Amino acid sequence: MSNRLLLDVLKGKVGPQMPIWMMRQAGRYLPEYRATRAEAGSFLDLCYNPELACEVTLQPIRRFGFDGSILFSDILVVPHALGQDVRFEEGVGPVLPPLDSSEINALIDRFESESEQFDAHLDPVIETVRLLRSRLPEEVTLLGFCGAPWTVATYMVGGRGSPDQAAARKFALKEPEVFDRLLSCLARASVRYLSRQITAGADAVQVFDSWAGSLSPAGFSRYSVTPIAQIVDGLRPLHPETPVIGFAKGAMHALGRFSEATGIDAVGLDWTIDVDAARQQVPETMVTQGNIDPLLMTAGPMALEQAVDRMVEGAVGVPHVANLGHGITPDGQIDQVHRFIERVRSGNG
């Protein structure tokens, strides 16, 4: 075992205790984050300011002592680096000009001929990773990340988040070749981006497919599994020892197929599946992560403690990472985060 508990578990080892980190652990539920966010000016300015992005990434480590720290950035810096306008509106979220077929093809052609510009745009994010590795406690695992091609493409085509991603699903049906080309481009861009994060100091990376649950079985295979497998295949020769976590929110019905076909090392669980049920679907060597409902971070102690106990009991003797089933919400309660950590550590230490 190394001195990085989370990294050891992500490599399949069962450690002395279950490691803990939390999706969106640097975010609006923390007063220190809100203060730094105001200092930055805009959300994207914060993402591209290495000193401030490093600061907000470190804030939850100082406050809670998580075993893992995840780079503060956003999945939409990739389309932004590809040349699409991206802005974040208060109360709305990300807003992008929706792309048509000709615009998508032009964007892909530009990436293929001028990929150095894509890299240069993301230099500030890579610098944040370097700063983090130099400033984090040695024992804290540093996680990099990107959005999965399907999820990123839904914003590029639809212009903003939606309940059912209808615009992207309709585009994929009407223009399948263009959409496949877009997903392939995003996969290749993600390999470049993640590889640079790893070289700069990330110990492991996570691929977020937050909108996977809106896809049909055939669509899930084509638009979620295939491009994520392309990312994993692209990273393996470059960084064979670096664990890759895959998270396909809303697709727990296909957990086994997703785990095997993508080639990931660890799989994230949302709150719709218990850990013991998930372990029955995934390969025996697969690392599992998460499953605590983020809403439990806004409720009383009893429901949270019961959920944590179920997670811990379902992961006895297997490599599992304590986490939420999606990101903590802005109304998450700091006392509940402390309670989550304490309950995990008292139950498996």
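Note that the structure is a prediction, hence the values are computed from the model and not measured. (Residues numbered from 1 in each chain as written. Predicted model: local features only at pLDDT ≥ 70, side-chain atom pairs only at ≥ 80, totals over all residues. Heavy atoms only, no water.)

1. Regarding the overall build of the protein
Okay, step 1: Summing up its helical and strand segments, the protein has 16 helices and nine strands in all.
Okay, step 2: Against the 2.2 N^0.38 benchmark of 20 Å for 349 residues, the protein shows a C-alpha radius of gyration of 19 Å, consistent with a compact globule.
Okay, step 3: Counting only C-alpha atoms, the protein reaches 55 × 45 × 40 Å along its principal axes.
Okay, step 4: When contacts within the protein are restricted to residue pairs at least 6 apart in sequence, those whose partners lie at least 24 apart make up 73%. (Helix = DSSP H or I, 4+ residues; strand = E, 2+ residues; numbered from the N terminus. Rg over C-alpha atoms; globule rule 2.2 N^0.38 Å. Contact = heavy atoms within 4.5 Å.)

2. Regarding the sheet that holds strand β8 (residues 287-290)
Okay, step 1: Taken together, seven strands build an open sheet; the order of strands is β1-β4-β5-β6-β7-β8-β9 and the sheet is parallel. The sheet is open, and its two edges are formed by β1 (68-70) and β9 (320-321), each paired on a single side.
Okay, step 2: For β8 and β9, the ladder comprises two bridges, and the chain directions are parallel. Paired with T288 across the two strands is H320, which belongs to β9.
Okay, step 3: With respect to the sheet, helix α12 (residues 217-235) is in contact with β4 (141-147), β5 (204-209) and β6 (244-248), its orientation differing from that of β5 by roughly 165°. (Pairing = 2+ DSSP bridges. Axes fitted to C-alpha atoms, helices over the stretch in contact; angles between N-to-C directions.)

3. Description of the layout of surface pockets
Okay, step 1: Its volume calculated, the largest pocket comes out at about 1,300 Å³.
Okay, step 2: Lining the largest pocket are 39 residues, and of these R24, R28, F43, D74 and F88 sit closest to its centre.
Okay, step 3: Considering each element in turn, the lining of the largest pocket owes the most residues, three residues, to helix α2 (residues 31-40). (1 Å grid on protein atoms, 1.4 Å probe; cavity = no way out; pocket = protein on both sides within 12 Å on 5 of 7 lines; lining within 4 Å. Points joined across faces, edges and corners; volume = space filled by probe spheres on them.)

4. Things to note about the nonpolar core
Okay, step 1: With 129 residues, the main nonpolar core has F179, Y193 and F340 as its most contacted residues.
Okay, step 2: Top contributing element to this core by residue count: helix α11 (residues 176-200), with 13 residues. (Core = buried A, V, L, I, M, F, W, Y, C linked by side-chain atoms within 4.5 Å. Buried < 20%, exposed > 50% of the residue type's maximum accessible area, 1.4 Å probe, protein only.)

5. Some remarks on the packing of helix α9 (residues 149-158) against α11
Okay, step 1: Running from N to C, α9 and α11 cross one another at 120°; their axes reach a closest spacing of 9 Å. One element, α9, and the other, α11, form an angle in the oblique class. Crossing handedness for the pair α9 and α11: right-handed. Where α9 approaches α11, its residues P149, W150, V152, A153, M156 and V157 are matched on the opposing element by F179, L182, L183, L186 and A187.
Okay, step 2: In terms of residue class, the contact of α9 with α11 is made up of eleven nonpolar, no polar and no charged. (Parallel < 35°, antiparallel > 145°, perpendicular 65-115°, else oblique. Left-handed = near helix turned anticlockwise from the far one by under 90°. Nonpolar A, V, L, I, M, F, W, Y, C, P; charged D, E, K, R; others polar.)

6. A closer look at the pattern of salt bridges
A pair can form between side chains of opposite charge whenever their charged atoms are brought close.
Okay, step 1: Here the structure, examined in full by the defined rule, presents 19 salt bridges.
Okay, step 2: Where R188 meets E112, a salt bridge forms, and the shortest distance between an N and an O atom there is 3.2 Å. Here the residue R188 occupies a position in helix α11, and E112 occupies one in helix α6 (residues 101-113), the gap between them amounting to 76 residues.
Okay, step 3: Given a relative accessible area of 31%, R188 falls into the partly exposed group.
Okay, step 4: Between D119 and R192 there is a salt bridge, with the nearest N and O atoms lying 2.5 Å from each other. With a gap of 73 residues between them, D119 in helix α7 (residues 115-121) and R192 in helix α11 connect regions that are remote in the sequence.
Okay, step 5: Looking at D119, the relative accessible area reads 15%, which means it is buried.
Okay, step 6: Within the structure, one salt-bridge network assembled from shared partners comprises R4, R133, E138 and D203. (Salt bridge = Lys/Arg side-chain N within 4 Å of Asp/Glu carboxyl O.)

7. Re the packing of α9 against helix α10 (residues 166-174)
Okay, step 1: Contact geometry of α9 with α10 gives a least axis separation of 8 Å together with a crossing angle of 95°. The orientation of α9 with respect to α10, classified from their angle, is roughly perpendicular. Here α9 contributes W150, T154, V157 and G158 to the contact with α10, which in turn contributes A167, A168, R169 and F171.

8. Some thoughts on the environment of E39
Okay, step 1: Relative to the assigned elements, E39 resides in helix α2.
Okay, step 2: It is 22 Å that separates the C-alpha atoms of E39 and R130, two residues lying 91 residues apart in sequence.

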